[in-house]
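In case you want the letters, here they are:
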Amino acid sequence: MLRILVAVVTIFLISSETSARQVTIATWNLGWHMDIATAQRWIEACGKTYVEDAGIGRWVPSTDSNATQGWDVPNTFDIENWDTAVLPVCDVYAYRGVVRVNVDAYRKRQEQIANFISRSVPADIIAFQEVSGEQAVKEVLPGAGADYDLCGFSGYKVQRLVIAWKKSLGTKVSCNVEDGLSLPANPESKRPRPGLSLTLSIGGDTVRILDVHLKSSCVSPFDGGKLEGNGNNCKILQQQIDPIESWVERETSDGAKVVMLGDFNRNLWHELRDQSPVRTDGSAASGIRPSGVLSRSLLEEVFDGQPFTTDLRLVNEHCQTNEVGAVLCTLSEIRDLDTAESDLLASQNYLGCRNPVGLDHILIGPGIEATAPAEHTSIRRLGMTRQKDDGTDQVLAISDHCPLVVRLNL
């Protein structure tokens, strides 16, 4: 009898271990990243010369001897007919002075990203933001992406989304652009980016992933980023709440295991620590939001647990750095870091990325557990753009964000 009991327990333990499939997932904003062909067109366009036409308030092409290169135009969006659905702005790398990017430096940047992913981002699934398209991602994946499948889109603006996953992991069920997040009823100037939804079949489980890059410059309720405020950026982010909540309620209703991740451009930890009522009228986030009532917390409004499948949880985060950096990382979830603290955490001896914490997050739904905190992976010196005074020996930062990586049990 004892032998039978031991055998049953052993079988149960083995089946439990095999049923808890481990998957590593990452999110990384690659900072206006382009495939090499697009980068060459961009470099050519930024190298052309323009003059300001005061009559129309725009910069127009010119061969005049006093004309200004696109690299030096104060705002690329002011160049006549510049299409950000095709090319990024010219000052992507102008963090400390103008950088006139050359093709060799851009190829080197791609090589550095590929090496970094291969060495430091051991993920089965990677959700990218700010990429020009699938080709841009293929060029920086290990083995030029031969072992990966991709989900992406064209159109919209050049800051697009792509999700890559290892072919051996599972098969694609669907790949959909979530246009609602782009607020199509808004005028073009007030349309943010769409979302990207991927559904995979992994070992018999349906796993659904939403990759987002939400409206920027409404970061924290503790630092002028009140979601219910009058600022244009916060107003647009406020508008994105309803389509996000609609997606969550719709896409969790079939029992799929759901992950939402990306660049939220919002410090969700600060929302949790803000003691203000979630809504401006004080009503509960679990009920229907009355017309005209605004939300103060995207996190608590959307993931209210009604129904229970919408109860996505924010994965704890940790910084891959030294003890001082770890303290700053923890502090950043409690309050806004001051300039000196933020600069230190972003420096090359710490995380190395200009946007080190507070923007990128991973949320997981019922049936998924994180085995440890998500790791803000340090890129150190690779986050720096540098060159000699004459523009030679040019090195381009691989990103202004650090990848966020987590291992999950499905």
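Heads up: these notes are all about the structure in this document. It should be emphasised that the depicted structure is a prediction, and the values quoted were computed from it without experimental measurement.

Let's talk about the packing of aromatic side chains
Inspection of every chain in the model, using the stated rule, returns four aromatic pairs. With a centroid separation of 5.6 Å and 50° between ring planes, the pair formed by Trp-28 and Phe-116 is classed as tilted. Taken together, the residues span a long stretch of sequence, with Trp-28 in strand 1 (residues 22-33) and Phe-116 in helix 3 (residues 103-120) at a distance of 88 residues. The class for Phe-116 is buried, based on a relative accessible area of 3%. Between Trp-42 and Trp-71 the ring centres are 5.3 Å apart and the planes differ by 85°, which places this aromatic pair in the edge-to-face class. Taken together, the positions of Trp-42 in helix 2 (residues 36-47) and Trp-71 in the loop between strand 4 (68-69) and helix 3 put the pair 29 residues apart, joining distant regions of the chain. Grouped by ring-pair contacts, the aromatic residues Trp-42, Trp-71 and Tyr-93 constitute a single cluster.

Quick notes on the sheet that holds strand 9 (residues 195-202)
The strand order 8-9-10-11-14-12 describes an open sheet built from six strands, whose pairing is mixed. For this open sheet the edge positions go to strand 8 (171-178) and strand 12 (313-314), each flanked by a neighbour on one side alone. With five bridges connecting them, strand 11 (residues 257-263) and strand 14 (residues 360-364) associate as antiparallel partners. Considered in strand 14, the bridge of Gly-262 is made with His-361.

Observations concerning the pattern of salt bridges
Applying the stated criterion to the full structure yields 17 salt bridges. The salt bridge involving Glu-271 is made with Arg-266; its shortest N-O contact spans 2.7 Å. Each member of the pair, Glu-271 together with Arg-266, is buried. Salt-bridge contacts for Lys-388 lead to Asp-393; the nearest nitrogen and oxygen are separated by 2.9 Å. Salt bridges linked by common partners bring Glu-178, Arg-208, Arg-250, Glu-251 and Asp-254 together as one network.

Things to note about the state of the cysteines
Overall, the coordinates contain five disulfides when judged by the stated rule. Between the sulfur atoms of Cys-151 and its disulfide mate Cys-175 the distance is 2.0 Å. When the S-S torsion is 85°, as for the bridge of Cys-151 with Cys-175, the disulfide is right-handed. Of the two residues, Cys-151 is situated in strand 6 (residues 148-152) and Cys-175 in strand 8; the sequence distance between them amounts to 24 residues. Take Cys-175: its relative accessible area is 27%, and that puts it in the partly exposed class. Each sulfur of the disulfide joining Cys-319 and Cys-329 lies 2.1 Å from the other. Disulfide Cys-319-Cys-329: the torsion about the S-S bond is 70°, which places it as right-handed. Of the two residues, Cys-319 is situated in strand 13 (residues 317-319) and Cys-329 in helix 8 (residues 323-331); the sequence distance between them amounts to 10 residues.

Regarding unusual backbone geometry
Following Gln-306, the chain continues to Pro-307 via a peptide bond in cis, the omega torsion being -5°. Looking at the secondary structure, you find Pro-307 in the loop between helix 7 (298-302) and strand 12. Even without being glycine, Tyr-156 reaches a positive phi, approximately 55°. Secondary-structure assignment places Tyr-156 in the loop between strand 6 and strand 7 (160-166). Among the residues examined, Tyr-156 registers a relative accessible area of 32% and is labelled partly exposed.

Criteria and thresholds
Residues numbered from 1 in each chain as written. Predicted model: local features only at pLDDT ≥ 70, side-chain atom pairs only at ≥ 80, totals over all residues. Heavy atoms only, no water. Phe/Tyr/Trp six-rings, centres within 6.5 Å; stacked < 30°, edge-to-face > 60°. Helix = DSSP H or I, 4+ residues; strand = E, 2+ residues; numbered from the N terminus. Buried < 20%, exposed > 50% of the residue type's maximum accessible area, 1.4 Å probe, protein only. Pairing = 2+ DSSP bridges. Salt bridge = Lys/Arg side-chain N within 4 Å of Asp/Glu carboxyl O. Disulfide = S-S within 2.5 Å.

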